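# Summary of the model geometry
Spelled out from the first residue to the last, the chains are:
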2 protein chains.
Amino acid sequence: MPIQKISRQELLLKSISTFREKGYYRTSMRDLAEACGLTKGAFYHHFSSKEEVMKHCLIFSCNWFKENVYTIAYLPKLTAKEKMSKMSQKLLKTFTTGNGGCFFANTVIETSHVEDTFKGILKEYFQEWESAMVFILLSKYPEVEAKKLGKRTIVDIEGSIVLMQLHGDIQYLQDSIDRCIELC
Amino acid sequence: MPIQKISRQELLLKSISTFREKGYYRTSMRDLAEACGLTKGAFYHHFSSKEEVMKHCLIFSCNWFKENVYTIAYLPKLTAKEKMSKMSQKLLKTFTTGNGGCFFANTVIETSHVEDTFKGILKEYFQEWESAMVFILLSKYPEVEAKKLGKRTIVDIEGSIVLMQLHGDIQYLQDSIDRCIELC
DNA sequence: GTCTATACACAGATAGAC
DNA sequence: GTCTATCTGTGTATAGAC
C-alpha cells in the first residue's frame, strides 16, 4: 500500500493558515490546493467541497485548542495564577504566530450573518474557552463573579485582536493578556 | 434638468447595510445594485468599481459617526457621565440596528491581511473614536490612565460585538456599554 | 439615468488519463 | 494520488439602446 505524499494533518494545517489569513469567502479551492502543493483536482480527492474543508479545519483547530491550551486550566498541580499565566501566554503566542489573528472570531464575523453552517463548532470553541477561564477564576472568585469575569476575558482578548490586526501592533493583545493574568 | 430617481446618500446607505451584513468579498455588485433597486448596469453609472463603492461607504459612515456620535464627547454643557452615557447608548443602538455589528471591525478582520486599500479610513474611524473616549475620561482620570482606559473601552466594545454576533445576544454589548458608563 | 446584452476571468466542482 | 481538461455558474466590468 503506497504512502500518500501529504498527510491529512498537513492538509488541514496549510488550509487553516490560508483560511485564517484570507478569510473563508476570499479563499478559493485553488488557493488551498496550492498552499498544499497540489492541483485543484488532487485537492478534491481529499475533500468533496470547500465547505467540508472549512468544517474539518474548524474541528481540527478547536480540538487543538482543547488539547493544548484549555487543558492547562485543569492541570491539578498548578496554582490559579500559574494556570492563567500559562494559558494566556499560549493564547498570545497562538494568535500572533502567522497572520490572521483568531481564526474563529474571523469566521464568526465573516459568516454568522450569511449562513449557519459553522455556528455549532464556533460556539463550541468559545464555550470551551469560557469554561476553562471560569474554572480557573472559580478558585479566586465566587461563582457569579467568576462567570462574569470569564466572559469578560474572552471579550477583552477578541477585541484586542481586532485592534492588533488594524494597527499591526501586538501590544494591544499583550495588554489584554496582562489584564487576564492580573485577575489571579 | 431631470432629478435622479435615487440619491447618492440612499445608494451609500443601502450599500453600507449590504456590506455590513454580508461582508466586502461576499457582496457582489449585483447584490449592491439590487439593494438599491437598480440593475448592475445602472449601478455602474454611479460607481466605477466595487472598491470605489466600499471606499465611499466607509468614508460616509465614518463621517456619520463623527457628526452623530463622537461629537457628543465635546458638547460643553454635559457632565462626563452624561457624555459617556449618551455616546455609549448611541453606539449600542447603532451596532444593534440592522445586522452585521460593527462595519469597520468587520472590514478590518476581512481585509487587513489581504490588502491595504481601506486601512487609512479604518484607522481614522478608530482614532476618532478613541480621541472622543479619551477626551471624556480626561475630566475624571490623569492623562496616562485616561488614554489607557480609552483604548480599553473600544477593545471591550469590539470584543463584545464578536460574541454578540455569535450568540445573537445583545447582552454582551449591553454589559460592555455598562462598563464604559461605570468608568465615569 | 436606467436598461439589456455581452466580454472575460475565475470560482466550485467533475471526469478520466496516468 | 495526482494530473490535465472541462463543465457550469457567477463575478467584475463595459457597450450601446432607450
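This is a predicted model, so every value here is computed, not measured.

## Regarding the protein's contact with DNA strand C
Looking at DNA strand C, there are 17 residues lining it, with M29, Y44 and K50 of chain A together with T39 and H46 of chain B nearest. When atoms of DNA strand C within 4 Å of the protein are split into backbone and base, the sugar-phosphate part holds 63%. At 2.6 Å, a backbone N or O of M29 of chain A approaches a phosphate oxygen of DNA strand C. K50 of chain A places a main-chain nitrogen or oxygen 3.0 Å from a phosphate oxygen of DNA strand C. Contributing elements (two or more residues each) for the surface near DNA strand C: α2 (29-35) and α3 (40-46) of chain A together with α3 (40-46) of chain B. Looking at the surface near DNA strand C, its residues break down into 5 nonpolar, 8 polar and 4 charged.

## Concerning the domain arrangement of chain A
Residue and element names in this part refer to chain A. Each assigned domain of chain A is listed here: domain 1 (1-56) and domain 2 (69-182). For domain 1 versus domain 2, the distance between C-alpha centres works out to 27 Å. Domain 1 puts 11 residues into the contact, and the matching count from domain 2 is 17 residues. Note on domain 1 versus domain 2: buried area summed over both sides is about 1100 Å², and carbon and sulfur give 57% of it. Area buried by domain 1 at its contact with domain 2 is led by R20, Y25 and M54, which between them contribute 59% of it. For the pair domain 1 and domain 2, the number of links is 0 salt bridges. There are 8 residue pairs in polar contact (both at pLDDT 80 or more) connecting domain 1 and domain 2. For the side of domain 1 that touches domain 2, the elements supplying multiple residues, two or more each, are α1 (8-22) and α4 (50-68). With 4 residues, α1 is the single largest residue contributor to the side of domain 1 that touches domain 2. Within the side of domain 1 that touches domain 2, the residues separate by chemical class into 5 nonpolar, 1 polar and 5 charged.

Parameters at a glance
- Residues numbered from 1 in each chain as written.
- Chains lettered and ligands numbered in written order.
- Predicted model: local features only at pLDDT ≥ 70, side-chain atom pairs only at ≥ 80, totals over all residues.
- Heavy atoms only, no water.
- Near = heavy atom within 4 Å.
- Polar contact = N/O pair within 3.5 Å; in protein donor to acceptor, adjacent residues only side chain to side chain.
- Helix = DSSP H or I, 4+ residues; strand = E, 2+ residues; numbered from the N terminus.
- Nonpolar A, V, L, I, M, F, W, Y, C, P; charged D, E, K, R; others polar.
- Domains from an automatic or database assignment.
- Contact = heavy atoms within 4.5 Å.
- Buried area = accessible area lost by both parts, 1.4 Å probe.
- Salt bridge = Lys/Arg side-chain N within 4 Å of Asp/Glu carboxyl O.

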